[in-house]
Amino acid sequence: MTMPIDYYLNIAASGLLTGLVYGLAALGLSVIFGVVRVVNFAHGEMMVAGMYGAVLLGGWFGIDPLLSAPAMAALLFAAGWLLQRGLVNRFVERPEHMQFILLLGIATVLVNAMLMLFGPDARNVQVPYSFDTVEIGSLLLDAVRLRAGAAAVLVAAALFAFFRFSRTGKAIRACADNPLGARVVGLNIDGLYALTFGIGAAVVGVAGALMTLLVDARPQLAPEYTLLSFIIVIVGGLGSLPGALLGGMLIGVSEALAGFLLMPSLKSLFSYGVLIVVLLLRPQGLLGKRS
């Protein structure tokens, strides 16, 4: 029996909202790589740390993950700033394999620390609108996904506005475009690198808090989210912030449709398929620039 087109539209819309949260997480990775030129292999671990932070605040104080997101942003910003100033900054000029080993070691420490503190079992946050739906025309959307997606759009818009209009954002963009020229005109490169790493970590902390509305927190998710963010950034275009958001939406829709048409266990296969197609047709990514 053929399904009505509205059914497929609802599945795609649900995937699109999830993809907005994916894209927000990938924005954090893109910001750090685009400026500091260091690939954060502890990205997924930071996201899961944000998830556990939201779970704890929800369990202890009954705080909605949407409201605990600013706290996760502040906490992860401080952690990212300290990590950049204390460790990563010493490896910025070193070969890529040394950066990889450093951040992979940090990721291993983080994921094992979460296993020791929280155990391997999944944890979640109960919100009063868990089973609510919102009707928009012919679409029937989950309230949790709609709120998480809307929050992701607001945070992404604020990040774009920061880099586009603020003096600090313009200084960070100058460091990304020409580090030597930025140093010559008197910009504090090391301080701006630390600020950028903190911003990227804060964004992924918010994404982690929002993700608790969609999935249960488990330490085992960390490598999956690191890999997923890499796929999204490559699909969207390395260093492109709009591209990261677009890539997240594309991956979210493809996973949702694959899970419905085939089986949920094959959704990652479609993510890799999208990656391969994009690399074949447009190697620089959807919104990336040719080098």
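Keep in mind that what you see is a predicted model, and the values were worked out from it rather than measured. (Residues numbered from 1 in each chain as written. Predicted model: local features only at pLDDT ≥ 70, side-chain atom pairs only at ≥ 80, totals over all residues. Heavy atoms only, no water.)

## Some thoughts on the UniProt feature "transmembrane region" (unreviewed entry) in the protein
Those residues carrying the UniProt feature "transmembrane region" (unreviewed entry) are residues 20–39, 46–63, 69–88, 100–119, 139–163, 192–215, 227–253 and 260–281 in this numbering. In residues 46–63, helix accounts for 89% and strand for 0%; the two terminal C-alpha atoms are 20 Å from one another. A distance of 27 Å separates the end C-alpha atoms of residues 100–119, which is 95% helix and 0% strand. (UniProt positions renumbered as here; feature names shortened; annotations may be inferred. Helix = DSSP H or I, 4+ residues; strand = E, 2+ residues; numbered from the N terminus.)

## Some words on the nonpolar core
Residues Leu24, Leu27, Val48, Leu210, Met211 and Tyr225 are the most contacted members of the largest nonpolar core, which totals 89 residues. With residues up to four places along the chain from it excluded, the contact list for Val48 reads Met114, Arg218, Pro219, Leu221, Ala222 and Tyr225. (Core = buried A, V, L, I, M, F, W, Y, C linked by side-chain atoms within 4.5 Å. Buried < 20%, exposed > 50% of the residue type's maximum accessible area, 1.4 Å probe, protein only. Contact = heavy atoms within 4.5 Å.)

## Some details on the environment of Asn10
Mapped onto the secondary structure, Asn10 falls in helix α1 (residues 5–36). Each C-alpha atom, one on Asn10 and one on His97, is 44 Å from the other, the two residues being 87 residues apart in sequence. What Asn10 contacts, discounting residues up to four positions off in sequence, is Ser138, Leu139 and Leu140.

## Focus: helix α11 (residues 267–281)
Over its 15 residues, α11 extends 21 Å from the first C-alpha to the last, a length consistent with the 21 Å expected when each residue adds 1.5 Å. Of the positions making up α11, those classed as buried are Ser271, Val274, Leu275 and Val278. One face of α11 carries all of its buried residues, which in axial projection span an arc of 100°. Facing away from the buried side of α11 by more than 90 degrees, the exposed set consists of Leu269, Leu280 and Leu281. Looking at the buried positions of α11, the neighbouring elements they touch are α9 (221–236) and α10 (241–261). (Expected span 1.5 Å × (residues − 1). Arc of directions from axis to C-beta.)

## Structural notes on the pairing of strand β2 (residues 139–142)
Across 4 bridges, the pairing between strand β1 (residues 133–136) and β2 is antiparallel. Pairing of Ile136 across the sheet is with Leu139, part of β2. (Pairing = 2+ DSSP bridges.)

## Topic: the side chain of Gln84
With respect to the helices and strands, the residue Gln84 is situated in helix α3 (residues 65–86). In this structure Gln84 touches Val36, Asn89, Val92, Tyr193, Ala194 and Phe197, once residues within four positions along its chain are discounted.

## Section: unusual backbone geometry
Look at Arg37: it is not a glycine, yet its phi comes out positive at around 60°. Inspection of the secondary structure puts Arg37 in the loop between α1 and α2 (43–61). Taking the relative accessible area as the measure of exposure, Arg37 reaches 47% and is therefore partly exposed.

## What about helix α8 (residues 189–211)?
With 23 residues, α8 ought to run about 33 Å at 1.5 Å a step, and its terminal C-alpha atoms sit 33 Å apart, in line with that. Counted residue by residue, α8 has 20 buried out of 23 residues, so it is predominantly covered.

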